Amino acid sequence: MPATPISILDLAQIGSGGSAADSFRASVAIAQLAERSGYRRVWYAEHHNMSTIASSATSVLIAHVAANTATIRLGAGGVMLPNHSPLVIAEQFGTLETLHPGRIDLGLGRAPGSDQNTMRALRRDAMSAESFPRDVLELQGYLAGRSLIPGVDAVPGRNTHVPLYILGSSLFGAKLAAALGLPYAFASHFAPQALNDAVATYRREFQPSDQLADPWVIAGVNVVAADTTQEAETLMRESQRLRVSQLLGSGRTFDDADADAILNSPSGQPIKQMSHYSAVGTPREVRAYLDEFVVHADADELIVASMARRTEATLRSFELLAEIADLNG
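Because the structure is predicted, anything quoted here is derived from the model rather than measured. (Residues numbered from 1 in each chain as written. Predicted model: local features only at pLDDT ≥ 70, side-chain atom pairs only at ≥ 80, totals over all residues. Heavy atoms only, no water.)

### Details of the pattern of salt bridges
The test is simple: A carboxyl oxygen of Asp or Glu within 4 Å of a side-chain nitrogen of Lys or Arg is what we treat as a salt bridge. A helix here means a DSSP run of H or I that spans at least four residues, while a strand means a run of E at least two residues long, and both kinds are numbered starting from the N terminus. The classification of residues rests on relative accessible area computed with a 1.4 Å probe and restricted to protein chains. Under 20% of the type maximum is buried, over 50% is exposed, and intermediate values are partly exposed.
Tallied over the full model, the rule gives 16 salt bridges. With its nearest N and O atoms 2.8 Å apart, the salt bridge here joins Asp227 to Arg316. Placement of Asp227 in the loop between β7 (217-225) and α8 (229-248) and of Arg316 in helix α12 (residues 311-325) is noted, with a sequence separation of 89 residues between them. When its relative accessible area of 46% is taken as the criterion, Asp227 is described as partly exposed. Across the pair Arg237 and Asp260 runs a salt bridge whose closest N-O atoms are separated by 3.1 Å. Of the two residues, Arg237 sits in helix α8 while Asp260 sits in helix α9 (residues 256-263), which places them 23 residues apart along the sequence. By relative accessible area, which is 22% here, Arg237 ends up partly exposed. The exposure class assigned to Asp260 is buried, which follows from its relative accessible area of 17%.

In structure tokens form, the structure reads like this:
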């Protein structure tokens, strides 16, 4: 376990009765804890029109957290590239890298990060995902100082060589990451089904590149570590109840009894399946799970997402994990 780097996916959650400002304060606290505890990196994901997630302006949030930390790597996990022009993303992350040298990552996904109506509000073409491989190459060219568009450079961005990562939950992302010789991050923390096939495909088809000589797999996993097993299981149940309201409520909030009934019914099984890979329990129980998961996933690095819905519980979970994993050892 100590040989496996562990990173954090900060979901930038807006808690019940909380605000986006509260979420941003929590993100700073999580990154500061990650920095002093030995975590490898903290990533933030682009989501839109979600009342419980505050990381829609991903690069702006990274800038804020970077200004309040000193050494921890920070990045997007990820930017949904079809929502943007590659030039704009190269400029944004080139700016971040210029301000915080050697600390910035750029993970790229091709999903909208939103629903259909929001996708239209983003001015996104429904077919824009089809150009994702070409857009990745264009973005890579800007950052490497080898623009594919004659006479157009990213300033800032040119020659910053911000490292790229391909995110995915299917064989498409695995094949693209392998073909381009880029690290591959699999979203097994919420889409576990294709984990083993995707990682095997990526490793089998990987082609070395200027950025990466050997394949590098980051696997997502949920974590709820607490001082007792019962406390951890309670926190996990709270999270699943919230997902029932978010995904099945259509604007309605279910009480605990109704949410539990749904979770125990056939309609609740997909929600349970989303958190299939979850380490829940005391620090010792969490470590035992992660030791097994890193082998199962054939991962070089783990990125953990907290299922706890309160900032204090999230910070405690990451603190306990760092202690048992001996990240500073």
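We are not done yet, so read on.
### Details of the nonpolar core
The following threshold applies: In plain words, nonpolar cores are sets of buried Ala, Val, Leu, Ile, Met, Phe, Trp, Tyr and Cys residues tied together by side-chain atoms within 4.5 Å. The contact criterion used throughout is that any non-hydrogen atoms of two residues lie within 4.5 Å.
Membership of the largest hydrophobic core comes to 73 residues, with the highest contact counts inside it found for Tyr39 and Leu106. Each residue touching Tyr39, except ones within four places of it in the same chain, is listed here: Ile6, Ser7, Ile8, Leu33, Ala34, Ile72, Phe318, Leu321, Ala322 and Leu327.

### Description of the layout of surface pockets
For clarity, the threshold we go by: Cavity and pocket criteria rest on a 1 Å grid covering protein atoms alone: a 1.4 Å probe that fits but cannot get out defines a cavity, protein on both sides within 12 Å along at least 5 of 7 lines defines an open pocket, and an atom within 4 Å of a point defines a lining residue. Grid points are joined across faces, edges and corners, and a volume is the space filled by probe spheres set on the points. Three categories are distinguished: nonpolar for Ala, Val, Leu, Ile, Met, Phe, Trp, Tyr, Cys and Pro, charged for Asp, Glu, Lys and Arg, and polar for the others, with Gly belonging to the last.
Of the volumes computed, that of the largest pocket is approximately 1,400 Å³. Surrounding the largest pocket, 50 residues form its lining, His47, Met50, Ile53, Phe190 and Met274 being those nearest its centre. Where the lining of the largest pocket is concerned, the elements lending two or more residues are β3 (73-80), β5 (164-168), α6 (171-180), β6 (184-186), β7, α8 and β9 (301-306). Each residue belonging to the lining of the largest pocket can be placed in one class, and the counts come to 24 nonpolar, 21 polar and 5 charged. One number sums up the size of the second largest pocket: a volume of about 700 Å³. Along the walls of the second largest pocket sit 30 residues, with Gly15, Ser16, Leu242, Arg309 and Arg310 positioned nearest its centre. Sorting the residues of the lining of the second largest pocket by element identifies β1 (6-10), α1 (20-37), α8 and α12 as the ones contributing at least two each. It is α1 that contributes the most residues to the lining of the second largest pocket, 5 residues altogether. For the lining of the second largest pocket, the per-class residue count stands at 10 nonpolar, 12 polar and 8 charged.

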